[in-house]
Amino acid sequence: MRGKGCGKRRAFGYLLPILMISVLTGCVGQFNISREQEESSAVDEGDLVVVGVSQVGSESVWRTANTVSIQEAFTSEKGYFLLFSNARQKQDNQIKAIRRFISRQVDYIVFSPITESGWDIVLQEAKDAEIPVILMDRQVDVEDDSLYTAWVGSDFHREGNNAGIWLEEYLVEQNRQDEQIHIVVLQGTEGATAAIGRTEGFQEIADTHENWIILEQVDAEYTTAKGREVMESLLIKYEDIDVVVSQNDDMTFGALDAMNRRGISTGTEGDVILISFDAVKAALKLVEQGVINVDIECNPRQGELVEQIIQALERGEEVDKTFYMEEQVFTPENVGEYLDDRDY
Ligand code: AHR
């Protein structure tokens, strides 16, 4: 992997009116782009480092917090001009955004790939244009890992493992370790690193317990609406669900809705053990109330780390390939001390 050095390419093609607005209002050097906007009149971005970010979408509270952390990290005060593009859950949109960034000759491309496959060609194009790519949150499955410079994100496999280990210990505590335990899993977007890692990590622990029966694993797309819909159909299909593993908090809110409507209670005093992922504030409050048994944290504050990597590359330094976020597991016993500081 090469360090990029201080001799920054000059990029052209940014919107004069929008740049003027940001100067006049003193707001951060960033804006959401559309193709039409980018095709408008050109302006030199001066000394700012131009970073093109392609975000997956805005499907979850976690995703919004992730976007905020990027927007806070790449401000004009810190020397950046941020081009932000929301792919609205479509890989096609991400590929188009990356191509627009390449044709605008941005200094860096940052993106969170919706799924792992399908990136070889566009990333080769970025490499040919000598634009370093930093992956954020999710990973890509490419033949040649020199197609990206670094990745910042969560150890999703470990998160899945942690969910399984927590369940193992909880069942012992409840003296239910020898019972048949019926489990349903609400998965995130099929093919996304987060869904793959959490599914495999949990399965690894489940495989060591013959009495854990995974009734079904269903893609609920990381959204509340889909979580509700999927949970409703699972409740019709299966009468005896002991555990719901929901691979993000937004799906958990939907699943809770579906269960409550049928008079099914969850959590420490409830009928169903509820395991969630992400640990956003609204969910942590439910952990505190005992409605969600455990929430496995996924840390969205990745912007700062991505910015530090870019700083290092600007200084011409080599950087590591992989950066894991710090994360923990929240239960009713420990959640109280963290709740006040949660700002998303
Ligand atoms: O990739 C991280 C996952 O994507 C988060 O768990 C989820 O909330 C998000 O949409």
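Rules of the game
By convention here, each chain's residues receive numbers from 1 onward along its written sequence. Where totals are concerned, whole chains, interfaces and linings use all residues; where local detail is concerned, this predicted model gives features only for residues with pLDDT of at least 70, and gives and counts side-chain atom pairs only at 80 or more. Excluded from the side-chain calculations are hydrogens and water; all other atoms, namely the structure's heavy atoms, are used. Only buried Ala, Val, Leu, Ile, Met, Phe, Trp, Tyr and Cys residues count toward a nonpolar core, and they belong to the same one when joined by side-chain atoms within 4.5 Å. A 1.4 Å probe rolled over the protein chains alone gives each residue an accessible area, and that area as a share of the maximum for its type sets the label: buried under 20%, exposed over 50%, partly exposed in between. Put simply, DSSP marks the helices as runs of H or I at least four residues long and the strands as runs of E at least two long, and each gets a number from the N terminus on. Contacts were defined at the residue level, with two residues in contact if any of their heavy atoms lie within 4.5 Å. At least two DSSP bridges between two strands are needed for those strands to be called paired. Every angle, taken between N-to-C directions, lies between 0 and 180 degrees, and every axis is a line fitted to C-alpha atoms, over only the stretch in contact when it is a helix. Expected helix span is computed as 1.5 Å times (number of residues minus one). Under the rule applied, a polar contact is a pair of N or O atoms within 3.5 Å (in protein, one hydrogen donor and one hydrogen acceptor; residues adjacent in sequence only if both atoms are side-chain atoms). Nearness is defined per residue: one heavy atom within 4 Å of the molecule or strand is enough. Using a 1.4 Å probe, the Shrake-Rupley method yields the accessible areas, and only the shown protein chains count as cover for residues. We call Asp, Glu, Lys and Arg charged. Ala, Val, Leu, Ile, Met, Phe, Trp, Tyr, Cys and Pro are nonpolar, and the rest, Gly among them, are polar. Each helix crossing is assigned a hand: it is left-handed if the near helix lies turned anticlockwise from the far helix by less than a right angle, otherwise right-handed if that turn is clockwise.

J.: Run through the nonpolar core, naming residues and quoting values.
T.: Counting residues in hydrophobic clusters, the biggest one holds 36 residues, and the most contacted among them are M231, L234, I241, V244 and M259. With 5 residues, helix α9 (residues 249-261) is the single largest residue contributor to this core. Look past the residues within four positions of I241 in its chain and what remains in contact with it is H182, V184, L215, M231, L234, L235 and V272. Counting 26 residues, the second-largest nonpolar core is a separate cluster that includes L83, I109, L123 and L135.

J.: Mind laying out the sheet that holds strand β11 (residues 294-297), listing which residues take part and the relevant values?
T.: With mixed pairing, the 6 strands of this open sheet are ordered in space as β8-β7-β9-β10-β11-β13. Among the strands making up the open sheet, the edge pair consists of β8 (212-219) and β13 (329-330). By the bridge criterion, 2 bridges tie β11 to β13 in an arrangement that is antiparallel. When the bridges of β13 are listed, D295 appears paired with F330. Sheet contacts for helix α6 (residues 156-173): β7 (181-187), β8, β9 (243-246), β10 (273-278), β11 and β13; angle to β10, the most-contacted strand, approximately 155°.

J.: Go over α9, please, and point to the residues and values.
T.: Between its first and last C-alpha atoms α9 spans 18 Å; for 13 residues at 1.5 Å apiece the expected length is 18 Å, and the two agree. Looking only at α9, the buried set comprises D249, D250, M251, T252, G254, A255, L256, A258 and M259. Of the residues flanking the start of α9, the one acting as N-cap is N248, its side-chain oxygen 3.2 Å from the backbone nitrogen of D250. The positive-phi residue at the C-terminal boundary of α9 is G263, with phi of around 75°.

J.: Explain the site of the ligand to me, and be specific about the residues and the numbers.
T.: Taken together, E59, S60, W62, R63, D137, R138, A194, R198, Y222, N248 and D278 make up all the residues around the ligand. R198 is positioned such that a nitrogen or oxygen atom in its side chain is 2.9 Å from an oxygen atom of the ligand. Its free accessible area being 290 Å², the ligand has 100% of it covered by the protein chains. Within the residue set of the shell around the ligand, elements represented by two or more residues are α3 (61-73) and α7 (193-206). Here the residues of the shell around the ligand sort into 3 nonpolar, 2 polar and 6 charged.

J.: Lay out the packing of α6 against α7 in plain terms, naming residues and giving numbers.
T.: Two elements in contact, α6 and α7, have axes whose closest approach is 6 Å; the angle formed by their N-to-C orientations is 35°. In terms of crossing hand, the pair formed by α6 and α7 is right-handed. The residues of α7 that touch α6, namely those facing F156, H157, E159, G160, N161, A163, G164, I165, L167 and E168, are T193, A194, G197, R198, E200, G201, F202, E204 and I205. For the contact of α6 with α7, the per-class residue count stands at 7 nonpolar, 7 polar and 5 charged.

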